[in-house]
Amino acid sequence: MERPIALITGATSGIGAEFAQQLGRSQHDLVLVARDVDRLEAKAVRLRTDFGVEVEILSADLVTDSGVASVCARLAEPARPVTVLVNNAGFSLVGAFERNTIDEEAAHLRILAQTPMELTHAVLPLMLARGKGQIINIASVSAFIPRGTYGAAKSWLVSFSRFANLRYGPKGVKVTAVCPGFVHTEFHERMGANMGGVRSWMWLNADQVVREGLADNAAGKAVSIPSRRYATLMALSRLVPDRLAAAAGNRGR
Ligand SMILES: NC(=O)c1ccc[n+]([C@@H]2O[C@H](COP(=O)([O-])OP(=O)(O)OC[C@H]3O[C@@H](n4cnc5c(N)ncnc54)[C@H](OP(=O)(O)O)[C@@H]3O)[C@@H](O)[C@H]2O)c1
């Protein structure tokens, strides 16, 4: 029997690497996308050995037109249709909006919002024609609180996922925005953020985020907030003034 194919952006580290692990374990063939070819190759060797699945690698910079176009081309290939798309690659900017250059802000907005939109647009025709598909967009709890342009971009992704799940869910294509809190990955180190102010109970592990995200997508939910503690916090955040919610989100910066 043919294995389903999952394409994961940002698959070399953190949450994306964990998606590759869990989807490989459940016998999906994989397409791993990121910029670092050596890391992509090393991951691919490991996943083939551990799970006996086929693994393609695709090196692409997802803030460039050519990088995004190469992934769109793979998503539109009818001979090897992708059935699971995980829009995960991303980064955040440590500086304040008014001090960042507009080029930095534009690249940040692109990878967090425009790129997932373009990849979704590329994969949808084949998914709709086959009447099945899963699209998982990694957003953040920052989507629900005032948290700079990072939170604003993640809000766009949540809103987009809610619309897309309503429209395409009944046609067999389930779309979910997964909204984690703080997760142990390379994200904060790459950003150059000091995370000393974040209490230990606020940290999640990527395996839980991915497990719950996949389960919520399978259940047809448009929004997934991994862990009961963050689901409770987000419900409470709707009741407090913006400045209190923003202060919690700004820990570690
Ligand atoms: N960690 C958290 O606390 C947290 C919380 C909520 C949401 N998130 C979201 O989770 C997602 C994954 O982040 P993570 O925490 O797993 O971070 P991470 O460990 O830093 O991984 C980021 C991944 O994205 C890839 N990437 C970065 N820039 C790229 C580019 N220009 N083109 C292609 N790939 C690129 C990286 O690979 P290369 O460098 O090889 O390209 C890497 O595989 C992000 O969307 C982030 O916003 C993270």
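Okay, so let's go over this structure. Worth saying up front: this structure is predicted, and the values here are computed from it rather than measured.

Assigned secondary structure in the protein consists of 9 helices and 9 strands. For a compact globule of 253 residues, the expected C-alpha radius of gyration is about 18 Å, and the protein comes in at 17 Å, within 12% of that figure. Principal-axis analysis of the C-alpha atoms gives the protein an extent of 55 × 40 × 35 Å. In the protein, once contacts between residues fewer than 6 apart in sequence are set aside, the share between residues at least 24 apart is 69%. Charged side chains of the protein number 29 positive and 23 negative; the gap between the two group centres comes to 9 Å.

The next thing to look at is the site of the ligand. Near the ligand there are 31 residues, and of these Thr-12, Ser-13, Arg-35, Tyr-150 and Thr-185 occur at the shortest range. A distance of 2.9 Å separates a nitrogen atom of the ligand from a polar side-chain atom of Asp-61. Contact distances for the ligand include 3.1 Å between an oxygen atom and a backbone N or O atom of Glu-186. Considered on its own, the ligand offers 880 Å² of accessible surface; in the complex 97% of this is hidden by protein. Where the shell around the ligand is concerned, the elements lending two or more residues are α1 (14–25), α5 (148–168), β7 (182–183) and α6 (187–191). Counting residues per element, the shell around the ligand draws most heavily on α6, at 3 residues. The residue makeup of the shell around the ligand, split by class, is 15 nonpolar, 10 polar and 6 charged.

The next point concerns the environment of Phe-187. Within the secondary structure, Phe-187 is located in helix α6. Along the sequence, Phe-187 and Ile-15 sit 172 residues apart, while their C-alpha atoms lie 9.6 Å from each other. Discounting chain neighbours no more than four positions away, the residues touching Phe-187 are Gly-90, Phe-91, Ser-92 and Tyr-150.

Within the structure shown, the criterion is met by 12 salt bridges. In this structure, the salt-bridge partner of Arg-46 is Asp-50, at a minimum N-O distance of 3.3 Å. Of this pair, Arg-46 and Asp-50 are both found in helix α2 (residues 37–51), 4 residues apart, which corresponds to roughly one turn of the helix. Owing to a relative accessible area of 54%, Arg-46 belongs among the exposed residues under this scheme. Here Asp-50 falls in the partly exposed class, since its relative accessible area comes to 36%. Of the charged contacts, one joins Asp-65 and Arg-110 as a salt bridge, the two residues approaching to 2.5 Å between their closest N and O atoms.

Below, the discussion takes up the nonpolar core. Ile-8, Phe-19, Leu-23, Leu-30, Leu-32 and Val-86 are the most contacted members of the largest nonpolar core, which has 44 residues in total. Formed by 28 residues, the second largest nonpolar core is a distinct cluster that contains Val-33, Leu-75, Leu-112 and Leu-119.

Looking now at the environment of Ile-138. Within the secondary structure, Ile-138 sits in strand β5 (residues 133–138). Not counting residues within four places of it along the chain, the set of residues in contact with Ile-138 comprises Ile-15, Phe-19, Val-86, Asn-87, Asn-88, Lys-154, Leu-157, Val-178 and Pro-180.

Turning to the packing of aromatic side chains, a few remarks are in order. Inspection of every chain in the model, using the stated rule, returns 5 aromatic pairs. For the pair Tyr-150 and Phe-187, a centre-to-centre distance of 5.8 Å together with 50 degrees between the ring planes defines the contact as tilted. Residue Tyr-150 is located in helix α5, and its partner Phe-187 is located in helix α6; the two are separated by 37 residues in the primary sequence. Summarising the aromatic geometry, the rings of Phe-182 and Trp-203 are spaced 5.6 Å apart at their centres and angled 45 degrees between planes, so their arrangement reads as tilted. Placement of the pair is Phe-182 in strand β7 and Trp-203 in strand β8 (residues 203–204), with a sequence separation of 21 residues. Neither residue differs from the other here; Phe-182 and Trp-203 are each classed as buried. Taken together through their ring pairs, the aromatic side chains of Trp-156, Phe-160, Phe-163 and Tyr-168 make up a single cluster.

Conventions used here
- Residues numbered from 1 in each chain as written.
- Predicted model: local features only at pLDDT ≥ 70, side-chain atom pairs only at ≥ 80, totals over all residues.
- Heavy atoms only, no water.
- Helix = DSSP H or I, 4+ residues; strand = E, 2+ residues; numbered from the N terminus.
- Rg over C-alpha atoms; globule rule 2.2 N^0.38 Å.
- Contact = heavy atoms within 4.5 Å.
- Lys, Arg positive; Asp, Glu negative; His and termini not counted.
- Charge placed at Lys NZ, Arg CZ, Asp CG, Glu CD.
- Near = heavy atom within 4 Å.
- Polar contact = N/O pair within 3.5 Å; in protein donor to acceptor, adjacent residues only side chain to side chain.
- Areas by Shrake-Rupley, 256 points an atom, 1.4 Å probe, with all protein chains shown as cover.
- Nonpolar A, V, L, I, M, F, W, Y, C, P; charged D, E, K, R; others polar.
- Salt bridge = Lys/Arg side-chain N within 4 Å of Asp/Glu carboxyl O.
- Buried < 20%, exposed > 50% of the residue type's maximum accessible area, 1.4 Å probe, protein only.
- Core = buried A, V, L, I, M, F, W, Y, C linked by side-chain atoms within 4.5 Å.
- Phe/Tyr/Trp six-rings, centres within 6.5 Å; stacked < 30°, edge-to-face > 60°.

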